[in-house]
Amino acid sequence: VQLQASGGGLVQAGDSLRLSCTISARDFRTYAVGWFRQAPGKDREFVAATSRSGFSTLYTDSVKGRFTISRDNAKNTVYLQMNSLKPEDTAVYYCATRQTSTVTTYMRADEYNYWGQGTLVTVSS
């Protein structure tokens, strides 16, 4: 399983970005996906997750109402739409995935088996 994250960049506070994570996996519909981020000097933290169907999603409190995770199973891709970006959103964003037989969303990094390389998001004030 391979993950390719893209869509990062340099934006100003209040702007929007959409991150994409394309996953090469057979039966992508059986994989739950999460987004994590790591700011300079900080630990990696959970951002958002989607169940394998996409019907269930989960967000960390700091991004609720601003970020939206979605998936297109026909394209093997998960998106993270980020609106009203703040300087504190600056980080390397990683997507992660795991195969599952349940509708669970996973928010712990150690629950995921496969990780992408990360894409840098920089938000200037």
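Before reading on, note that the structure itself is shown above.
Residues numbered from 1 in each chain as written. Predicted model: local features only at pLDDT ≥ 70, side-chain atom pairs only at ≥ 80, totals over all residues. Heavy atoms only, no water.

## Focus on the overall build of the chain
Stage number 1. Secondary structure summary: the chain contains zero helices and eleven strands in total.
Stage number 2. Ordered by position in the sequence, the α and β elements of the chain form the string β-β-β-β-β-β-β-β-β-β-β.
Stage number 3. In terms of overall dimensions, the chain is globule-like: its C-alpha atoms have a radius of gyration of 13 Å, near the 14 Å expected for 125 residues.
Stage number 4. Each principal axis of the C-alpha distribution contributes one length, and for the chain these read about 40 × 25 × 25 Å.
Stage number 5. Classification of the 125 residues of the chain by burial places 45% in the buried group.
Stage number 6. When contacts within the chain are restricted to residue pairs at least 6 apart in sequence, long-range pairs at least 24 apart make up 59% of them. (Helix = DSSP H or I, 4+ residues; strand = E, 2+ residues; numbered from the N terminus. Rg over C-alpha atoms; globule rule 2.2 N^0.38 Å. Buried < 20%, exposed > 50% of the residue type's maximum accessible area, 1.4 Å probe, protein only. Contact = heavy atoms within 4.5 Å.)

## What to know about the packing of aromatic side chains
Stage number 1. Applying the stated criterion across every chain, the model contains five aromatic pairs.
Stage number 2. Here the aromatic rings of F36 and F46 are separated by 5.7 Å at their centres, their planes lie at 75 degrees, and the arrangement is edge-to-face. Here F36, found in strand β4 (residues 31-38), pairs with F46, found in strand β5 (residues 45-50); they are ten residues apart in sequence, far enough to count as distant. Grouping residues by exposure puts F36 and F46 together as buried.
Stage number 3. Taking relative accessible area as the criterion, F36 reaches 1% and is therefore assigned buried.
Stage number 4. In this structure an aromatic cluster arises from ring pairing among F36, F46, Y106, Y112 and W115.
Stage number 5. Against the face of W115 rests R44, its NZ or CZ located 4.7 Å from the ring centre.
Stage number 6. Above the ring of Y106, the side-chain terminus of R98 is found at 4.1 Å from the ring centroid. (Phe/Tyr/Trp six-rings, centres within 6.5 Å; stacked < 30°, edge-to-face > 60°. Lys NZ or Arg CZ within 6 Å of the ring centre and 35° of its normal.)

## Considerations on the sheet that holds strand β7 (residues 67-72)
Stage number 1. Taken in spatial order, the four strands line up as β1-β3-β8-β7 in an open sheet, and their pairing is antiparallel. Strands with a single pairing partner mark the edges of an open sheet, and in this sheet they are β1 (2-6) and β7. Across the sheet, the mean angle separating the axes of adjacent strands is 15 degrees when strand polarity is ignored.
Stage number 2. Where strand β3 (residues 17-24) lies against strand β8 (residues 77-82), six bridges are found, and the strand directions are antiparallel. Within β8, the residue paired with L17 across the bridge is M82. (Pairing = 2+ DSSP bridges. Axes fitted to C-alpha atoms, helices over the stretch in contact; angles between N-to-C directions.)

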